Amino acid sequence: MGNKNITLGEFIIENQSSFKYSSGELSKLLNGIRLAAKVVNHEVNKAGLVDILGVAGEVNIQGEDQQKLDVLANEKFIQSLIKREIVCGIASEEEDNFIAINSNDKQNRNKYIVLIDPLDGSSNIDVNVSVGTIFSIYRRVTPEGTPVTMEDFLQPGKNQVAAGYIVYGTSTMIVYTTGDGVNGFTLNPAIGTFYLSHPNMQFPETGKIYSVNEGNYVHFPQGVKDYIKYCQREEEDRPYTSRYIGSLVSDFHRNMIKGGIYMYPKSSIASEGKLRLLYECNPMAFIAEQANGKASDGYKRIMDIDPKELHQRVPFFCGSTKMVEKAEEFMANE
Ligand code: AHM
Ligand code: MG
């Protein structure tokens, strides 16, 4: 698959001019993420070997225990972005507030902000199941040269200039978009280089996989219950196959390659679902749309939502267009 000779570094440079704001800064930023991804990959891979597992003893803003690797991944990505002096602000799932990088004047003049979930699916770390990193990049809306404000972070997903994920799976991959299609790069661990392995990734228009935590079934809205029953009914090309890893990145990645739908609906115990709009759903929605897929909250486009807060949650239906549209149909009839 693809031209094995093109490295991620080369690809970033070669495609720099096709990016509409092209000034080289976005390329530097993506290179910063590429480097941090290698470091985090190294740490994730040795997780079973060293005493790095377990809970770090801190509780994050969502009230969940933080695993040590979450903390480490958070540090690595933030350090890498700050050191390269390419962003003026960062927001992370692991930080209560955004970080304004205004230690010097030059950094204040940087145009980009990054929102990141440094290690998603972290409950899977200590059982050797894939985890991922998700990132989302915007241009600031406040004037260059001033410190970033909340306004820069609370932009709708449609303003994203780039988004991507890293999946630390059977092999490690970076998949990203700058608004001109989606490309996937696989790490050759022997030499520490990412190669273009999945050019121009596309969701099949429809598929046979549905991914949802069915343990929450009784709490789901009637529309979701009905859609799940539809997926299971023996009719036409159904029943579909159920696949749920519990790592958004891995479930999404598989569904993009094979065709499928991922759902994290609202429920009677979580009125907005679980996933976060800004650093989980928006970036995945941008990638999905760039790969001919669709992302919705069950009723409307994810990337049209005006965010109200940094750690806002939102119900999420994402994947092959026809499948997401079918789920929306059931939600509308609820
Ligand atoms: P996290 O950010 O705390 O890791 O939670 C996000 C993860 C997603 O990767 C995954 O799809 C979902 O939570 C699984 O949640 P659940 O265990 O409720 O099914
Ligand atoms: Mg997460």
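For the structure, check the block above.
Residues numbered from 1 in each chain as written. Chains lettered and ligands numbered in written order. Predicted model: local features only at pLDDT ≥ 70, side-chain atom pairs only at ≥ 80, totals over all residues. Heavy atoms only, no water.

Some words on helix H8 (residues 277-290)
Under the convention used in this document: Exposure categories follow from relative accessible area, calculated using a 1.4 Å probe and restricted to protein chains: below 20% of the type maximum is buried, above 50% is exposed, and the middle band is partly exposed. Segments assigned H or I by DSSP are reported as helices when at least four residues long, segments assigned E as strands when at least two residues long, and all are numbered from the N terminus.
Within H8, twelve of the 14 residues are buried, which leaves it mostly tucked inside the rest of the structure. Taken as a whole, H8 has its buried residues at Leu277, Leu278, Tyr279, Glu280, Cys281, Asn282, Pro283, Met284, Ala285, Phe286, Ile287 and Ala288. Immediately beyond the C-terminal end of H8, within one or two residues, lies Asn292, with a positive phi of roughly 70 degrees.

Side note on the pattern of salt bridges
Cut-off, in case you're wondering: Salt bridge criterion: a side-chain nitrogen from Lys or Arg within 4 Å of a carboxyl oxygen from Asp or Glu.
Applying the stated rule across the entire model yields 14 salt bridges. Residue Lys322 is joined to Glu205 by a salt bridge in which the shortest nitrogen-to-oxygen separation is 3.6 Å. Within this pair, whereas Lys322 is found in helix H9 (residues 321-332), its partner Glu205 is found in the loop between strand S10 (193-198) and strand S11 (209-211), the two being separated by 117 residues in sequence. Accessibility expressed as a relative area gives 52% for Glu205, which makes it exposed.

Section: the sheet that holds strand S9 (residues 182-188)
Note the threshold: A pair of strands is considered paired only if DSSP assigns at least 2 bridges between the two. We call two residues contacting when some pair of their heavy atoms lies within 4.5 Å. For helices, the fitted line uses only the C-alpha atoms of the stretch in contact; every axis is such a line through C-alpha atoms, and the angle between N-to-C directions lies from 0 to 180 degrees.
Spatially, S4-S3-S5-S6-S7-S8-S9-S10 is the arrangement adopted by the eight strands of the open sheet, whose pairing is mixed. Each end of this open sheet is capped by a strand with a single partner; those strands are strand S4 (99-100) and S10. Here strand S7 (residues 162-168) pairs with strand S8 (residues 172-177) via six bridges, running antiparallel. Residue pairing in the sheet places Gly164 in a bridge with Tyr176 of S8. Packing against the sheet, helix H3 (residues 68-83) makes contact with strand S3 (87-92), S4, strand S5 (112-120), strand S6 (131-139) and S7, and its axis sits at approximately 160 degrees to S5.

Some words on the pairing of S7
The side chains of a regular strand alternate, first on one face of the sheet and then on the other. Taken across its seven residues, S7 has seven buried, putting it largely inside the fold. The alternating pattern of S7 places Ala162, Gly164, Ile166 and Tyr168 on one face and Ala163, Tyr165 and Val167 on the opposite face, and all of these are buried. In terms of strand pairing, S6 meets S7 through seven bridges, oriented antiparallel. Note on S7: the bridge partner recorded for Ile134 is Tyr165. Turn length for the S7-S8 hairpin, with the two strands adjacent in sequence and antiparallel, is three residues.

Focus on the coordination of the magnesium ion (ligand 2)
The textbook angles at a metal center are 109.5 degrees for a tetrahedron of four donors and 90 or 180 degrees for an octahedron of six. Put simply, the rule is: For Na, K and Ca the donor cutoff is 3.2 Å, while for all other metals N, O and S atoms count as donors only within 2.8 Å; water does not appear among the atoms, so some sites may look incomplete.
Distances from the magnesium ion (ligand 2) to its protein donors, Glu93 (OE), Asp117 (OD), Asp120 (OD) and Glu280 (OE), fall at 1.9 to 2.4 Å. Assessed through its relative accessible area of 9%, Asp120 is described here as buried. We classify Glu280 as buried; its relative accessible area is 1%.

Some thoughts on the side chain of His311
Going by this rule: Counting of polar contacts relies on pairs of N or O atoms within 3.5 Å, with two restrictions inside protein: one atom must be capable of donating a hydrogen and the other of accepting it, and residues adjacent in sequence are counted only when both atoms are side-chain atoms.
Following the sequence through the fold, His311 ends up in the loop between strand S14 (293-296) and strand S15 (316-320). Look at His311 and you get buried, because its relative accessible area is 12%. Reaching out from His311, the side chain makes a polar contact with the side chain of Tyr279 at a distance of 2.6 Å.

Things to note about the site of ligand 1
The cut-off we apply is this: Any residue with a heavy atom positioned within 4 Å of a molecule or strand is treated as near that molecule or strand. For every accessible area listed, the method is Shrake-Rupley and the probe measures 1.4 Å; residues are considered covered only by the protein chains on display. The nonpolar class holds Ala, Val, Leu, Ile, Met, Phe, Trp, Tyr, Cys and Pro. Asp, Glu, Lys and Arg form the charged class, and all remaining residues, Gly among them, are polar.
By nearness alone, 17 residues border ligand 1, and Asp120, Tyr244, Leu248, Tyr262 and Tyr264 come closest of all. One of the side-chain N or O atoms of Asn213 is found 2.8 Å from an oxygen atom in ligand 1. Lys274 places a polar side-chain atom, nitrogen or oxygen, 2.8 Å from an oxygen atom of ligand 1. Protein burial of ligand 1: of its 470 Å² of free accessible surface, 84% is covered by the chains. Secondary structure elements with two or more residues in the shell around ligand 1: S5 and strand S13 (260-264). Within the shell around ligand 1, the residues separate by chemical class into five nonpolar, five polar and seven charged.

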